[in-house]
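Chain residues, written in single-letter form:
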Amino acid sequence: MKLQKKQNRMGVLLVSPFFIGCTVFYFAPFIISIYYSFTSGGKEKQFVGINNYIQLFQNQSFLLALKNTVLFMGIGIPILLCTGLLLAKFLCYLSKFADTVRGVLIVPFVIPVASVIKVWQILFDDYGILNRIFTEFSLETQQFFQNGWVFFVLILIFIW
């Protein structure tokens, strides 16, 4: 029985830094944020109830951002999951080139984000590669980041 108590104390001792860290850096700020969401801004915190939330859901900018986020996640995540599953299934059937394909698939994790952004800019900019191709074929150039294309470009970047 003494050994069991000693092991329990040691377990609590070893797990306590994790719980203390979670409490200090996650749970406490979360609770404080919830409290602040029910108060007015400024130095004097006055309780206003759900008025902040009522104003938030009447704000057209917030509603547009919420709609875009739900749409982006509703389309982007299923495409990402299906693409990942199809690539994994495809890799199961490869024997000779499996290591090469795996190496190519890991490249996005190795390349710095700034370089990736530059590549996307080179592709989709007003004077980028895709618009030059459109010009060569006498097609109208597109502003990919300022019209209806931006959603699809963001989905493509997210999946890559």
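Bear in mind the structure is a predicted one, so any value in this text is a computation, not a measurement.

What to know about the packing of helix 3 (residues 60-93) against helix 7 (residues 149-159)
Angle between the axes and distance between the axes: these two values describe a pair of packed helices. Two numbers describe how helix 3 lies on helix 7: the axes approach to 10 Å, and their chain directions differ by 40 degrees. Viewed along their axes, helix 3 and helix 7 adopt a mutual orientation that is oblique. Crossing angle aside, the handedness with which helix 3 passes helix 7 is right-handed. Only F151, L154, I155, F158 and I159 of helix 7 make contact with helix 3, whose side of the interface consists of L71, F72, I75, G76, I77, I79, L80 and T83. Residue composition of the contact of helix 3 with helix 7, grouped by class: eleven nonpolar, two polar and no charged.

Some words on helix 1 (residues 2-37)
In this model helix 1 runs 48 Å from its N-terminal to its C-terminal C-alpha over 36 residues, within 8% of the 52 Å that 1.5 Å per residue would give. Approximately 40 degrees is the largest bend angle found in helix 1, and it occurs at T23.

Description of the environment of F57
Here F57 is to be found in helix 2 (residues 51-58). With ten residues separating them in the primary sequence, F57 and K67 have C-alpha atoms 12 Å apart. With sequence-adjacent residues up to four places away left out, F57 is seen in contact with F62, L63 and L66.

Describing the side chain of N131
Here N131 lies in helix 6 (residues 129-136). Assessed through its relative accessible area of 2%, N131 is described here as buried.

Side note on the packing of aromatic side chains
On inspection of all chains with the given rule, the structure shows eleven aromatic pairs. Relative to F19, the ring of F18 lies with its centre 5.3 Å away and its plane at 65 degrees, an arrangement referred to as edge-to-face. Accessibility expressed as a relative area gives 48% for F19, which makes it partly exposed. Ring geometry for F57 versus F62: centroids 5.3 Å apart, planes at 90 degrees, classification edge-to-face.

What to know about the layout of surface pockets
Within this model, the largest pocket holds a volume of roughly 340 Å³. Surrounding the largest pocket, L80, T83, G84, L87, V104, L105, P108, F109, F158, I159 and W160 form its lining. Contributions of two or more residues to the lining of the largest pocket are made by helix 3, helix 4 (98-110) and helix 7. For the lining of the largest pocket, the per-class residue count stands at nine nonpolar, two polar and no charged.

With respect to the environment of W120
Locating W120 in the fold gives a position in helix 5 (residues 113-124). Using a relative accessible area of 11% as the deciding quantity, one classes W120 as buried. Apart from residues no more than four positions distant in its own chain, W120 is found in contact with D125, F145, L156, I157 and W160.

With respect to the state of the cysteines
Covalently bonding the sulfur atom of one cysteine to the sulfur atom of another cysteine gives a disulfide. Tallied over the entire structure, the rule returns zero disulfides. Here C92 is not cross-linked by a disulfide; its sulfur's nearest cysteine counterpart is in C82, at 16 Å. Residue classification places C92 among the exposed residues on the basis of a relative accessible area of 65%.

Re the packing of helix 2 against helix 3
The N-to-C vectors of helix 2 and helix 3 enclose an angle of 70 degrees; their axes lie 5 Å apart at closest approach. Classified by the interaxial angle, the pair formed by helix 2 and helix 3 is roughly perpendicular. The residues of helix 3 that touch helix 2, namely those facing L56, F57 and Q58, are Q60, F62, L63 and L66. Partitioning the contact of helix 2 with helix 3 into residue classes produces five nonpolar, two polar and no charged.

The rules behind each value
- Residues numbered from 1 in each chain as written.
- Predicted model: local features only at pLDDT ≥ 70, side-chain atom pairs only at ≥ 80, totals over all residues.
- Heavy atoms only, no water.
- Axes fitted to C-alpha atoms, helices over the stretch in contact; angles between N-to-C directions.
- Helix = DSSP H or I, 4+ residues; strand = E, 2+ residues; numbered from the N terminus.
- Parallel < 35°, antiparallel > 145°, perpendicular 65-115°, else oblique.
- Left-handed = near helix turned anticlockwise from the far one by under 90°.
- Contact = heavy atoms within 4.5 Å.
- Nonpolar A, V, L, I, M, F, W, Y, C, P; charged D, E, K, R; others polar.
- Expected span 1.5 Å × (residues − 1).
- Bend = angle between axes of the 7 residues up to and from the residue.
- Buried < 20%, exposed > 50% of the residue type's maximum accessible area, 1.4 Å probe, protein only.
- Phe/Tyr/Trp six-rings, centres within 6.5 Å; stacked < 30°, edge-to-face > 60°.
- 1 Å grid on protein atoms, 1.4 Å probe; cavity = no way out; pocket = protein on both sides within 12 Å on 5 of 7 lines; lining within 4 Å.
- Points joined across faces, edges and corners; volume = space filled by probe spheres on them.
- Disulfide = S-S within 2.5 Å.

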